Amino acid sequence: MSGRKPAEPENPGSSPGGPASFNDASGAATLSEKYLFSPAAVRRLLSLYGAVRAVRILDELKTPPRRYFLRVNTLKVSPEDVAARLREEGFEAHVYPELPDAIYLPVKGPFEVGRASKVIVARKDAAESVYQGANLYAPGVLEAKGVKEGDIVNVVSPRGQIVAKGLAMMDGEEMVARREGLAVKTLRSVYVAPSVRELDVYREGLVYDQSLPAMVAGHVLSPKPGWLIVDMCAAPGGKATHAAQLMRGEGRVVAIDRSESKARRIRENVQRLGLRNVEVRVADSRYLDIEMEDLAGADAIILDPPCSALGVRPSLYYEKGERGFASLASYQRQFLKVAAKLLRKGGLLLYSTCTLTLEENELNIVRAIKELGLRVRVQRVFLGSQGFTELGQPLQRFEPDLHDTPGFFVALLEKS
Ligand code: SAH
C-alpha cells in the first residue's frame, strides 16, 4: 500500500489504488505486499487472470460479497415466505430468481470506523467476522494489552488491519484467558452483514447460510429421491443437508467428517433443519473403500475437500505458499481415487472447492479423467464462468470480480 508504514494499522475498507503493470516478478512482489497475499497466491492469480483482473480479484477477495445468501429449507417453507417474514422484521430480503431455494440480504459498507486509543488483536477468522459486524468473543482474542472493561477499542487483525470499533465487555487479561464470553461488543465495523444465527428463521430451521456457488453445486448434482449419497468431507453439512433436502427426505445421505467436533456441527444442522435422511459418521474418508463396505455402489458422491481457500471472502490477508498448494492438491487426489472406487457405474461425483488455483481444480479433474475412469458431465445449472481446461470440459468457476461471490469451482463427473 503506497505510503503505508508497516507498523501502522491500515484500514482495509479504504480502496487501494488502480492497477499498474504487475506482470513481472517485482510486480508480483509489489502486489503481494500491498494486498498482504502470499507471493505464491498472487503469482497464480496473475498467471490465470492477467494483471488487470488479478488486481480486481484481490480487491474483491478482501471484501465480503455484496449479497449475503441463505438457502431456504424448502421441505418446510418457500423462499417467498421466508423473505416476507424477514422483511416484516425489518430486513431487506430478496428472493433470488435463478435458484428455487435461495434468498439474499444486502451487505452494507464500507464504513469508516475511526480510531480508538486501545487495540485488541483478534485471530484472523474472528477478525474477518468482526469486519462484517459480528461481536468478538473471548476465544477470538489474541492480545488485549492495557484494555479495561468499558473501554472503546479498535479490533484489529494479526496484521494490524482495523476491522471495527467496539466496547470492551471485560478486562484485557480476562479476554485472553477465557474460553467463552463476549469480549467486545461491535459498535461500528467496516462492513455489516446480517447476523443470521440470531434470526428466528434460523433457529426454526427454515434457512441455512450458504454461499451462492455452494448452492449451485447442490443443484448441479441435482440428487434424486431414493439415492445413496456419500459426502466425504461433510462438516458443517452445507452440501449434505442440501442434498437431503433435494431428495425430499427419501433415500440416504451419509455425511462423513474426520473431526468428531465438526461432525457434531453436522448433527446440529441436521437436527435444526429437521432432516431425517442424513446419517453422520466420523472417519478418514481416504480409506472408505476399505473400511465401509456398505457405501460401495453409491449413486453419488459429494467431494468438497479441504482446499487452499483462496476464494474465501473476506480474506484480510492470505498466507499459503507453494508447498501448501501442492500438498492440498495431492491430498484432494487421494479422496478422488476413493470416490471413483465407491461409485456405482454411471454414478455421479460432485467435486467442489472454494479456491481459485489450477492445480486443485481443473488439473485435478484432468487427472481424474485420465486415471480414474471418470468423465465430465455437462452442468445443467450454470451461473459462473467456464473453467480453464483446453479440453473444453464444462467446468464451472465462480470469479469474485465477475459474479459477486466467493471464488469457487464445481465439476460434475460420471463413473464410466
Ligand atoms: N462440504 C462442507 C464443507 C467441507 S470443508 C459443507 O458444504 O458444509 C472440508 C472438511 O473436510 C472439514 O470439515 C474437514 O474436517 C474435513 N476433512 C479433512 N480431511 C478429512 C479426511 N481425511 N476425511 C474426512 N474428512 C476430512
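Data block above holds the structure.
Think of each chain on its own: its residues are numbered from 1, step by step along the sequence as written. Where local features are concerned, this predicted model is filtered to residues with pLDDT of at least 70; where side-chain atom pairs are given and counted, the filter is 80 or more; whole-chain, interface and lining totals use all residues. Each side-chain value is worked out from all heavy atoms of the structure, with water and hydrogens disregarded.

Here we look at the sheet that holds strand E2 (residues 94-95)
Applicable threshold: Two strands qualify as a pair provided DSSP detects at least 2 bridges between them. To qualify as a helix, a DSSP run of H or I must reach at least 4 residues; to qualify as a strand, a run of E must reach at least 2; elements of each kind are numbered from the N terminus.
Strand order in the open sheet made by the four strands is E2-E3-E1-E10, with antiparallel pairing throughout. Each end of this open sheet is capped by a strand with a single partner; those strands are E2 and strand E10 (207-209). With three bridges joining them, strand E1 (residues 67-72) and E10 adopt antiparallel strand pairing. Residue pairing in the sheet places valine 72 in a bridge with valine 207 of E10.

Comments concerning the site of the ligand
How we decide: In this text, near means that some heavy atom of the residue lies within 4 Å of the molecule or strand in question. Here a polar contact is recorded for every N or O atom pair within 3.5 Å, except that within protein the pair must consist of a potential hydrogen donor and a potential acceptor, and residues adjacent in sequence are included only if both atoms are side-chain atoms. Values of accessible area rely on a 1.4 Å probe in the Shrake-Rupley scheme; residue burial ignores everything except the protein chains shown. Think of it as three bins: nonpolar holds Ala, Val, Leu, Ile, Met, Phe, Trp, Tyr, Cys and Pro, charged holds Asp, Glu, Lys and Arg, and polar takes everything else, Gly as well.
Around the ligand lies a shell of 19 residues, among which Gly238, Asp257, Asp284, Asp304 and Tyr331 are the nearest. Within the backbone of alanine 235, an N or O atom sits 3.4 Å from an oxygen atom of the ligand. Serine 285 is positioned with one of its backbone polar atoms (N or O) 2.9 Å from a nitrogen atom of the ligand. Alone, the ligand offers 590 Å² of accessible surface; in the complex the protein occludes 87% of this. Classifying every residue of the shell around the ligand by side-chain character gives nine nonpolar, three polar and seven charged.

Some remarks on the pattern of salt bridges
Think of it this way: side chains of opposite charge can pair up when their charged atoms draw near. To keep it simple, the criterion reads: For this analysis, a salt bridge means a side-chain nitrogen from Lys or Arg found within 4 Å of a carboxyl oxygen belonging to Asp or Glu. Accessible area is worked out with a 1.4 Å probe on protein chains only. A residue is then buried under 20% of its type maximum, exposed over 50%, and partly exposed in between.
Enumeration over the complete set of coordinates arrives at 29 salt bridges. For aspartate 200, the salt bridge is made with arginine 203, and the minimal N-O distance between the two is 2.8 Å. Here aspartate 200 pairs with arginine 203, and both are found in helix H6 (residues 200-203), just three residues apart, close to one helical turn. On the basis of relative accessibility, which here comes to 51%, the residue arginine 203 falls in the exposed class. A salt bridge links lysine 239 to aspartate 304; the nearest nitrogen and oxygen atoms lie 2.8 Å apart. Within this pair, whereas lysine 239 is found in helix H8 (residues 238-246), its partner aspartate 304 is found in the loop between strand E14 (298-303) and helix H11 (322-342), the two being separated by 65 residues in sequence. Since its relative accessible area comes to 22%, aspartate 304 is described here as partly exposed. The network of salt bridges with common partners includes Arg43, Arg44, Glu322 and Glu359.

Remarks on the sheet that holds strand E6 (residues 141-143)
If you trace the six strands from one edge of the open sheet to the other, you get E5-E9-E8-E7-E4-E6, paired in mixed fashion. Of all the strands in the sheet, the pair left with one neighbour each is strand E5 (136-137) and E6. As defined by bridge partners, E5 adjoins strand E9 (residues 182-189) across two bridges and the pair is classed as antiparallel. Across the sheet, leucine 136 pairs through a bridge with valine 184, a residue of E9.

Describing the nonpolar core
Under the convention used in this document: Buried residues of nine kinds, namely Ala, Val, Leu, Ile, Met, Phe, Trp, Tyr and Cys, make up a nonpolar core once their side-chain atoms join them within 4.5 Å. Residue contacts are counted whenever heavy atoms from the two residues lie within 4.5 Å of one another.
Core analysis: the biggest nonpolar cluster contains 37 residues, and Leu221, Ile229, Val253 and Val278 have the highest contact counts within it. Of all the elements, helix H7 (residues 212-221) adds the most residues to this core, at seven residues. Once residues within four sequence positions are removed from consideration, valine 278 is found in contact with Ala244, Val253, Ala255 and Val270. Judged by nonpolar contacts, the second largest core, of 31 residues, contains Tyr331, Leu336, Val338 and Ala340.

Notes on the environment of glycine 274
Relative to the elements of secondary structure, glycine 274 occurs in the loop between helix H9 (260-273) and strand E13 (278-282). The spacing of glycine 274 and leucine 206 is 68 residues in sequence and 9.3 Å in space, taken between C-alpha atoms.

Quick look at the packing of aromatic side chains
The condition is simple: What counts as a ring pair is set by centres within 6.5 Å for rings of Phe, Tyr and Trp (its six-membered ring), and what kind of pair is set by the plane angle: stacked under 30 degrees, edge-to-face over 60, tilted for all other angles. Think of it as a cone above the ring: NZ of Lys or CZ of Arg counts as a charge over the ring if it is within 6 Å of the ring centre and within 35 degrees of the ring normal.
Inspection of every chain in the model, using the stated rule, returns nine aromatic pairs. With a centroid separation of 5.1 Å and an interplanar angle of 90 degrees, the aromatic rings of phenylalanine 69 and tyrosine 96 are classed as edge-to-face. Of the two residues, phenylalanine 69 is situated in strand E1 and tyrosine 96 in the loop between E2 and strand E3 (102-106); the sequence distance between them amounts to 27 residues. Residue tyrosine 96 is classed as buried on the basis of its relative accessible area of 9%. Ring centres of phenylalanine 69 and tyrosine 104 lie 5.4 Å apart, and the angle between their planes is 40 degrees; on these two criteria the pair is classed as tilted. With phenylalanine 69 in strand E1 and tyrosine 104 in strand E3, this residue pair connects regions lying 35 residues apart in the sequence. In this pair, the class of phenylalanine 69 matches that of tyrosine 104, namely buried. Through a chain of ring-to-ring contacts, the aromatic side chains of Phe37, Tyr318 and Phe325 assemble into a single cluster. Lying across the ring of tyrosine 317, lysine 124 places its NZ or CZ 5.2 Å from the centre.

Side note on the environment of glycine 346
Checked against the element boundaries, glycine 346 lands in strand E15 (residues 343-353). Note on glycine 346: relative accessible area 25%, which makes it partly exposed. Each C-alpha atom of the pair glycine 346 and aspartate 299 lies 7.9 Å from the other, and the pair is 47 residues apart in sequence. Those residues within four positions of glycine 346 in sequence are excluded, and the remaining contacts are Glu414 and Lys415.

Some details on the pairing of E13
Selection criterion: A right-handed crossover is one whose linking path, passing over the helix from the first strand to the second, runs clockwise when the strands point away from the viewer.
Summarising the sheet, strand E12 (residues 252-257) and E13 pair through five bridges and their orientation is parallel. Note on E13: the bridge partner recorded for isoleucine 256 is arginine 281. Handedness of the crossover joining E12 and E13 through H9: right-handed.

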